[in-house]
Amino acid sequence: MRYIFALWAAPMALFWGWFYLSLNDMNFGYVMLSRQLHDFVFQLYGQMLGIDPATIPGMVAKACVFDGLLLVAIWVFRRRREMLGWVRRRWTGPFDRLHRATEAGPKLPAE
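Each residue is numbered by its place in its chain's sequence as written, counting from 1. Only residues with pLDDT of at least 70 are given local features in this predicted model, and only at 80 or more are side-chain atom pairs given and counted; all residues enter the totals for whole chains, interfaces and linings. Only heavy atoms go into the side-chain values, all of them from the structure, while hydrogens and water stay out.

### Side note on the side chain of S22
So, step 1. Tracing the backbone shows S22 in helix α1 (residues 2-23).
So, step 2. Polar contacts involving the side chain of S22 include one to the main-chain carbonyl oxygen of W18, which spans 2.8 Å.
So, step 3. Of note is the side chain of S22, whose polar atom sits 3.3 Å from the backbone oxygen of F19. Comment: elements are numbered from the N terminus, with helices defined as DSSP H or I runs of at least four residues and strands as E runs of at least two. Nitrogen and oxygen atoms within 3.5 Å of one another constitute a polar contact, given that in protein one can donate a hydrogen and the other can accept it, and given that sequence-neighbouring residues count only through two side-chain atoms.

Structural data, given as structure tokens:
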């Protein structure tokens, strides 16, 4: 499962890293990170999709959140037995705790 998370997170980190750097024109001398290329790419995608280019980053963000939630849901489903056992161990009723606190301890041989 960790490989699936890594294969999902790596392209997201690359895309959002490029997006942030090119949006703020921190190009470090690379054309790939320039604001002009950023505007050109989103203008091109906007024309291909027939939508306003300003809405594309929001759509991509929603898709990333949905994909992330889907991956977490799959991970939780795979680990459900372990998680339920942990919750049951952590959440014992107040009467169980009271019973354990008031019960007699082990009998010593000299008694």
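Next comes the rest of the write-up.
### Description of α1
So, step 1. Helix span, as expected, comes to 1.5 Å for every residue beyond the first. An ideal rise of 1.5 Å per residue puts 32 Å on 22 residues; α1 measures up with 31 Å between its terminal C-alpha atoms.
So, step 2. Each residue's exposure class comes from its accessible area (1.4 Å probe, protein chains only) as a fraction of the maximum for that residue type: buried when under 20%, exposed when over 50%, partly exposed otherwise. Along α1, the residues classified as buried are W18, F19 and S22. Seen along its axis, α1 keeps its buried residues to an arc of 105 degrees; they face one direction. Opposite its buried face, α1 presents the exposed residues R2 and A13, each directed more than 90 degrees away.
So, step 3. Next to the buried residues of α1 lie α2 (35-49) and α3 (56-78). Note that the arc is computed from the directions linking the helix axis to the C-beta atoms. Two residues form a contact once any of their heavy atoms are found within 4.5 Å.

### What about the environment of W8?
So, step 1. Take W8: it is sitting in helix α1.
So, step 2. With 63 residues separating them along the chain, W8 and L71 place their C-alpha atoms 8.9 Å apart.
So, step 3. When sequence neighbours within four positions are dropped, the list of residues in contact with W8 reads C64, D67, G68 and L71.

### Comments concerning unusual backbone geometry
As a rule of thumb, non-glycine residues mostly have phi less than zero, and peptide bonds are mostly trans rather than cis.
So, step 1. The backbone phi angle of D25 is positive, close to 55 degrees, even though this residue is not glycine.
So, step 2. With respect to the secondary-structure elements, D25 resides in the loop between α1 and α2.
So, step 3. The exposure class assigned to D25 is partly exposed, which follows from its relative accessible area of 39%.
So, step 4. In this structure, F28 is a non-glycine residue whose phi angle is positive, near 50 degrees.
So, step 5. Along the chain, F28 turns up in the loop between α1 and α2.
So, step 6. Judged by relative accessible area, which is 63%, F28 ranks as exposed.

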